[in-house]
Structures are given as C-alpha cells and as structure tokens.
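# Structure assessment
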Amino acid sequence: MATNPATRPEGKRIPHLIAGEWRQSSCDSWIDVTDPATQDVLCQAPNTTPDEMEQAIASAKAAFKTWKDVPTPERARMMLRYQALLKEHHDELGEILAKETGKTFADAKGDVWRGIEVVEQACNISTSMMGEAAEQIANGIDTRTITEPLGVCTAITPFNFPAMIPLWFFPLAIACGNTFVLKPSEQDPMTPNRLAELFLEAGFPPDVLQVVHGGKEQVDVLLAHEDVKAVSFVGSVPVAHYIYRTATQNLKRCQAFAGAKNHMVVMPDAPKQQTIDNLVGSAVGAAGQRCMANSVAVLVGEAREWIPDIKAAMEGVKPGRWDDENAGYGAQINKAAAQRIKDLIGKGVDEGATLELDGRDCTVEGYPDGNWVGPTLFSGVKPGQTVYDQEIFGPVLSLVDAGSLEEAIAIINSNPYGNGTSIFTSSGAAARKYSHEIEVGQVGVNIPIPVPVPFFSFTGGKASFYGDLHAYGKQAIKFFTETKTVISRWFDDDHLPTGPNLTINMK
Ligand code: NAD
C-alpha cells in the first residue's frame, strides 16, 4: 500500500481506495485539482472506471458479511482510535484541506473539527443502536426490537466541507455495521483520501470503506446498482433533485441535502456591534461558500440605520491565501464559481438593488491568478430579484427591509428554502415568537450559523432537504439501520394444545 497517498501521491495522480488497497486507476481522463489562490495543479483525481466502481461495490458487499457481526463495542473501540488519530492529525488535515479548498487555516481546522465531533457520536454506537423490549404483551409472549444494518451505503459529497461532510456519513454508517462507498467532490479529493487513510490506520477491516473519485458518471453507477442500499447526498439543488428522484425510483433509501438562502433577522433592540460582527462573519466567512451562511439580512425598523456600519465592517474583511493569518477568508473554489458570482452581482445592479460595496475587482497581492471576490453588499433588495432568489454561494450580503417582525417572518416563510435562519434581538418575546412561527429547519437566537452538534441532527428543511431522516444524531442511526421485531413464546407445562388459532389475536 502506498504511504500517505493523499499528500504524497506517486507523481500527481492520487489513487482511489478499493478492496482495502490504494490503487491507481486505469482511467484515461484525470481531473486537475487546483490551488484556488494560484491555479497550481496540486494533484489529479481519477475518474474511477465502471469496472473499478463495480469492484468497489463488490468489495463493500463482501465485507458486509462479516463486518455486520463484529460486536458493537469492538466497532466502537476502533472508532475511538479513529477519533484519536483525527485529533492527532488535526493540523495536517487542516493544511491539506486549506490548500485544496482555499479556506483559511483556522477555518479549515474548524471543518475537520466539526467532523471529529460526529466520529465522537459514532463511538457511542452500542447504546445508540439499542432496541426496545416489552415482556408479556400477550399471555407468555414477549417482544423485542433489534436494530440491524442495511448493507452497502454511499455518500456523494460537495466541495465546501471536504472533511466535515464525508464524516457526517461514513463513520456512523460503518459503526452501525454497514459498509461504505464514498464519492467525495472531485474538486478537493485529497482531504477525503487522507481521512480514509487514517481510518485504515485505526484498525478497521480494510474493505469496509471504499473511496472512489469522479463526478456524475460514477454517481450514476452508485444510484443504479442493486447492491447499494442507501444514498446520502449533499450538494446543489438541481443535483439533489436528480439524486433523490433517481435513488428513490431505484427503490433506495435516500437523504439529499441541498442549497439554501438563509436569512438573519436584525431587530432594532439587538446589541449593535455584536450583531454586525456576527452577520458579517456568517455572510462572508469561508468566502460565502457555506450552506448555512446568512446571505440575507432582514433589517427591521430602525435597524435599517445600521447600513453604513455593516458596510464599514465588511470593508474591514480582506480575502487572502490559506496561510495568510490576516485573511478573513480565501479564494472561491474555482474560476467559474468566481465569475458566476461576479455575473450575479452585475445582475443585482441591473435589477435595481443598491450596490453599497462591490467586490468584483478584488485583488490580493502576490496572487494575481486567485479566484478572488471581495465582500459585496447590496441594500434595498426585494424578493423577485435574482440576487435574492438565487443561492449566490459567494461573499455577498443582501439587505432587505421590513417594517415589523411579522413582516420579516412573512418574507422568510415565503422563501422556498429552509436550511437555517437567525434572529438577533434582546427580546425574549421576539425570539420566542420567531422560533415558533418561522418555517425553517434550524434557528439561531443570537447565533449566526445554527449548525447543531452531532447528538442532535442537522435538520435543514423545505427545499433545502429531500428525505425523511436527517444527518447525524438519532435520525442518522435510523437512516442507517432497519428495525427487526422478534415476538417470542416458549411453551411450558401450562400451555396445553387448544387447536388451531384462526384469528389474528395472540393467544
Ligand atoms: P454539486 O451539486 O455541484 O456537487 C455535489 C456532488 O455531486 C459532488 O460530489 C459532485 O461530483 C456530484 N455531482 C455534480 N453534478 C452531478 C450530477 N449531474 N449528477 C450526479 N452527481 C453530480 O455541489 P457543490 O458545488 O460541490 O457544493 C455546493 C452546494 O452544496 C451548494 O448549493 C450548497 O448549498 C450545498 N450544500 C448544502 C448543504 C446542506 O447541508 N444542505 C451542506 C453543504 C453544501
């Protein structure tokens, strides 16, 4: 097995992980993975071939036969070792991640950390998989439920959290006794490769996790394959629709997390500077490439007077390369993404929104080829304008006016998306009313990015999610398992033959 293929590949071509081996693909087309600040090619990811996809699924299927019977405390012990290894390699993982995503080092480490927290939940698998039991549900009859794994599960993950999001899925699925095929984003595949390498080092059987690379072609094999039982997806809206429709049509269990448009309501009684700091961090942090970024602020009443202060705070944030400690955020993931954001800013101007701060001509000294977009602020934005309706996925904040909290709630409830939202206020009554009436899956009260820790679940809703059971927490255990019910009776001397029971009642 090659050592550390994620960071020291043979040449620039990284392998995929199939049947417990880091194998070089025999594909004839390779995907360039570039440094978003320089365009340097960091590595090339394979387009795992159809044959290799078949081998990965077959290996996962074969591994399931024995892995499902490994006692849960033993699985949990391996997971504890994995958690320790991830912590030990936290800086190293952060650096790999920062280089290929462009995120600042601090933010990249945060991405890894939020994934480690899910692995910690997987360490509790023995208790979280426990079933239920009831004695004497009829005369001499007892019932118990058993939670059993499904088989081969898969996740198709996006570029923006290459550690956290793969870790939302494969550790819990595998802890439940499933085996796994991960298809991470082709734009930053080194981080998931390194996560998998540490997974093997933790002592798991080498074939319970497979990592394949590529895009739609590879995803289509997973969606069509009869041996794949469950599909987890995170990514853009059109692809989420496609994945959910195709997977469910092929009779698979599916959960698909999609794009978003998140609103922060700013009440005039909110503590001003803390609110502005939190708003700006949420809107432009990670270059706006977060599904939970608050990209719209609804300024209620006199909070509209804060626009110059919001602008000043945004002007103070400068993008830079991952290793620049003064950088507020990094470059956009690729040139096309940066251009798309700039085009949308142009559209905002054309459609009548007021451009308070324009990030289109942003440059960063020393990195003329970076995918830079500076902090951008629009005021007077209205539903129906493209910058409001579309997910921009860049460091662009739109300000919408509302005369009252009721009006703010009405605007947000009319929006199709429902991933996250926040209210900043000093009023418990306003916060209570907002949390109760808002139709969004995750609500922050004076919290700008309300992503739950893993002993809850990630409960984005409406058009930001397709499925029934969400990621991590109790819902993930249900997603990755099936319930078997055992109803039992033992005949003793008191049980005399009574003739055939021709009813459905238990006697
Ligand atoms: P994307 O949809 O382009 O890609 C996601 C994954 O799908 C990748 O692995 C990619 O290879 C694969 N893919 C791309 N096109 C495909 C196709 N036609 N058929 C099958 N598979 C395909 O998303 P992205 O640009 O990597 O990620 C950004 C998006 O993800 C944003 O919209 C963001 O809001 C969303 N996101 C949502 C959440 C959430 O929890 N709701 C979290 C993170 C990101």
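For the structure, check the block above.
Let me begin by describing the structure that accompanies this report. Along every chain, residues carry numbers that run from 1 in the direction the sequence is written. Note on the predicted model: pLDDT of at least 70 is required for a residue's local features to be given, and 80 or more for side-chain atom pairs to be given and counted; whole-chain, interface and lining totals, by contrast, use all residues. Side-chain numbers come from the whole structure's heavy atoms, not from hydrogens or water.

### Quick look at the site of the ligand
- To be near a molecule or strand, a residue needs just one of its heavy atoms within 4 Å of it. Around the ligand sit 30 residues in total, of which K183, E186, S236, A258 and E391 are the nearest.
- We define a polar contact as two N or O atoms separated by no more than 3.5 Å, with the added condition that, inside protein, one atom must be a possible hydrogen donor and the other a possible acceptor, whereas residues neighbouring each other in sequence contribute only through side-chain atom pairs. K183 has a polar side-chain atom sitting 2.8 Å from an oxygen atom of the ligand.
- The side chain of S236 places a nitrogen or oxygen atom 2.6 Å from an oxygen atom of the ligand.
- Here a helix means four or more residues in a row that DSSP labels H or I, a strand means two or more in a row labelled E, and each is numbered from the N terminus. For the shell around the ligand, the elements supplying multiple residues, two or more each, are α6 (164–175), α8 (216–224), β10 (228–234) and α9 (237–249).
- The classification used treats Ala, Val, Leu, Ile, Met, Phe, Trp, Tyr, Cys and Pro as nonpolar, Asp, Glu, Lys and Arg as charged, and all other residues, Gly among them, as polar. Across the shell around the ligand, the residue classes break down as 16 nonpolar, 10 polar and 4 charged.

### What to know about α9
- Multiplying 1.5 Å by the residue count of a helix minus one yields the expected span of that helix. The end-to-end C-alpha distance of α9, which contains 13 residues, comes to 18 Å, matching closely the 18 Å that a straight helix rising 1.5 Å per residue would cover.
- Among the residues of α9, V237, A240, I243, T246 and A247 are the ones counted as buried.
- Phi turns positive one or two residues past the end of α9, at L251, with a value near 65°. Only protein chains enter the accessibility calculation, which uses a 1.4 Å probe; a residue whose area is less than 20% of its type maximum is buried, one above 50% is exposed, and one in between is partly exposed.

### Here we look at the nonpolar core
- We call a set of buried Ala, Val, Leu, Ile, Met, Phe, Trp, Tyr and Cys residues a nonpolar core when their side-chain atoms join them within 4.5 Å. Formed by 66 residues in total, the largest nonpolar core has its most connected members in Y82, W168, F169, F170, F180, F204 and F480.
- Broken down by element, the residue count for this core peaks at 10 residues, all from α6.
- Not counting chain neighbours up to four residues away, the residues in contact with W168 comprise V118, V234, F458, A471 and Y472. Contacts are assigned to residue pairs with any non-hydrogen atoms lying within 4.5 Å of each other.

### Brief notes about the sheet that holds strand β12 (residues 262–266)
- Any two strands with at least two DSSP-identified bridges between them are counted as paired. Ordered by their spatial adjacency, 7 strands build an open sheet running β14-β15-β16-β13-β12-β18-β19, and the pairing between neighbours is mixed. Lying at the two open borders of the sheet, with one neighbouring strand each, are β14 (354–357) and β19 (443–445). Neighbour to neighbour, the strand axes of the sheet diverge by 20° on average, direction disregarded.
- Of the strands in this sheet, β12, β13 (294–300), β16 (396–402) and β18 (421–424) are in contact with helix α14 (residues 405–414), which crosses β16 at around 130°. Between the N-to-C directions of two axes lies an angle of 0 to 180 degrees, each axis being a line fitted to C-alpha atoms and, for a helix, fitted only over the stretch in contact.

### Section: the state of the cysteines
- Two cysteine sulfurs form what is called a disulfide whenever their separation falls within 2.5 Å. Summed over the entire model, instances satisfying the criterion amount to 0 disulfides.
- Its sulfur unpaired, C43 is 12 Å from the next cysteine sulfur, which belongs to C27.
- A relative accessible area of 0% places C43 in the buried class.
- Here C176 stays unpaired: no disulfide links it, and the sulfur of C153, its closest cysteine neighbor, is 8.5 Å away.
- Taking relative accessible area as the criterion, C176 reaches 0% and is therefore assigned buried.

### A closer look at the packing of aromatic side chains
- Stacked, tilted and edge-to-face are the three classes assigned to paired rings of Phe, Tyr and Trp, where Trp is represented by its six-membered ring and a pair needs centres within 6.5 Å; plane angles under 30 degrees give stacked, over 60 edge-to-face, the rest tilted. Under the definition given, this model contains 20 aromatic pairs.
- With 6.5 Å between their ring centres and 85° between their planes, Y82 and F204 make a pair best called edge-to-face. Placement of the pair is Y82 in helix α2 (residues 72–88) and F204 in the loop between α7 (190–201) and β9 (209–211), with a sequence separation of 122 residues. The exposure classification of Y82 matches that of F204, with both residues buried.
- Arranged with centres 6.4 Å apart and planes meeting at 55°, the rings of F170 and F180 form a pair that is tilted. Of this pair, F170 sits in helix α6 while F180 sits in strand β8 (residues 179–183); the two residues are 10 residues apart in sequence, bridging distant segments of the chain.

### Examining the packing of α2 against helix α4 (residues 105–122)
- One can describe the packing of α2 onto α4 by two numbers: an axis separation of 9 Å at closest approach and a directional angle of 165°. Considered as vectors, α2 and α4 are oriented roughly antiparallel to each other. Crossing of α2 against α4: the hand is left-handed. Between α2, through M79, Y82, Q83, L86 and K87, and α4, the contact on the second element is made entirely by W113, I116, V119, E120 and A122.
- The residue inventory of the contact of α2 with α4, partitioned by class, reads 7 nonpolar, 1 polar and 2 charged. The cut-offs work like this: below 35 degrees is roughly parallel, past 145 is roughly antiparallel, 65 to 115 is roughly perpendicular, and the gaps in between are oblique. For any helix crossing, the convention is left-handed if the near helix is rotated counterclockwise from the far helix by under a right angle, and right-handed if that rotation is clockwise.

### A closer look at the pattern of salt bridges
- Note on definitions: salt bridges are taken to be side-chain nitrogens of Lys or Arg within 4 Å of carboxyl oxygens of Asp or Glu. According to the stated counting rule, one finds 20 salt bridges in the structure shown.
- We note a salt bridge from E21 to R23, for which the minimum N-O separation is 2.9 Å.
- Between K484 and E148 there is a salt bridge, and its shortest N-O distance comes to 2.9 Å. Of this pair, K484 sits in strand β22 (residues 481–489) while E148 sits in strand β6 (residues 141–149); the two residues are 336 residues apart in sequence, bridging distant segments of the chain.

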